[in-house]
Amino acid sequence: MPKLTVNGRTFEVDADPEMPLLWAIRDHLNLTGTKYGCGIAQCGACTVHIDGQPTRSCQTRIGDVAEARITTIEGVSGRVAEAVQAAWRNLDVVQCGYCQSGQIMSAIGLLSENKTPSDADIDSAMDGNICRCGTYQRIRAAIHDAARSLA
């Protein structure tokens, strides 16, 4: 039975080690902030942090992350996470909201590594995070806003 450390807590998951992490998070741990979008790691809705790195959970097997620290949108914390979440609220980034947990997880990952990203840095880090509502300009503005607040 695989053990997963999610949001600082360790869980035994009664599931096949081949199960995608997304389904373990949602169906076994009842953490539904991480969304299913495409199932092929192309849309970003399922983004979580594995050992601090944004990772698509729909294509990550639970057997491969048994020793890792996994963080979902429900578990993000700290100065960078607070700055990103505040910027998202201040700039009214969210429209429908479905993709936003993945967008926020990717933005936190970017700002954790690069405190002063350029537009090109943002575009590169956010590439593959699809927003069906097209809020890309507000997402970029919010990342710049969060970076300014972290400076």
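Residues numbered from 1 in each chain as written. Predicted model: local features only at pLDDT ≥ 70, side-chain atom pairs only at ≥ 80, totals over all residues. Heavy atoms only, no water.

Quick notes on the pairing of strand 1 (residues 3-6)
Link 1 in the chain: Alternating residues of strand 1 divide into Leu4 and Val6, all buried, and Lys3 and Thr5, none buried.
Link 2 in the chain: Two elements, strand 1 and strand 2 (residues 9-12), share 4 bridges in a ladder whose sense is antiparallel. Paired with Thr5 across the two strands is Thr10, which belongs to strand 2.
Link 3 in the chain: As judged from the 2 bridges shared by strand 1 and strand 5 (residues 69-71), these two strands associate in the parallel manner. For Thr5, the partnering residue across the bridge sits in strand 5 and is Arg69. (Buried < 20%, exposed > 50% of the residue type's maximum accessible area, 1.4 Å probe, protein only. Helix = DSSP H or I, 4+ residues; strand = E, 2+ residues; numbered from the N terminus. Pairing = 2+ DSSP bridges.)

What about the environment of Thr47?
Link 1 in the chain: Its location among the elements puts Thr47 in strand 3 (residues 47-50).
Link 2 in the chain: When its relative accessible area of 1% is taken as the criterion, Thr47 is described as buried.
Link 3 in the chain: Distance from Thr47 to Cys99, taken between C-alpha atoms, is 9.5 Å for residues 52 residues apart in sequence.
Link 4 in the chain: Every residue in contact with Thr47, bar those within four places of it in the chain, is listed here: Thr34, Pro54, Thr55, Arg56, Gly102, Met105, Ser106 and Asn129.
Link 5 in the chain: Within the structure, Thr47 has its side chain in polar contact with the backbone oxygen of Gly44 (distance 2.7 Å).
Link 6 in the chain: Here the side chain of Thr47 touches Arg56 through a polar contact of 3.0 Å, side chain to side chain. (Contact = heavy atoms within 4.5 Å. Polar contact = N/O pair within 3.5 Å; in protein donor to acceptor, adjacent residues only side chain to side chain.)

Remarks on the domain arrangement of the chain
Link 1 in the chain: Taken domain by domain, the chain consists of domain 1 (3-71) and domain 2 (79-150).
Link 2 in the chain: One C-alpha centre belongs to domain 1, the other to domain 2, and the line joining them spans 21 Å.
Link 3 in the chain: Across the contact, 16 residues belong to domain 1 and 13 residues belong to domain 2.
Link 4 in the chain: Carbon and sulfur atoms supply 50% of the area buried between domain 1 and domain 2, which totals about 1000 Å² over both sides.
Link 5 in the chain: Counting across the interface, domain 1 meets domain 2 through 0 salt bridges. (Domains from an automatic or database assignment. Buried area = accessible area lost by both parts, 1.4 Å probe. Salt bridge = Lys/Arg side-chain N within 4 Å of Asp/Glu carboxyl O.)

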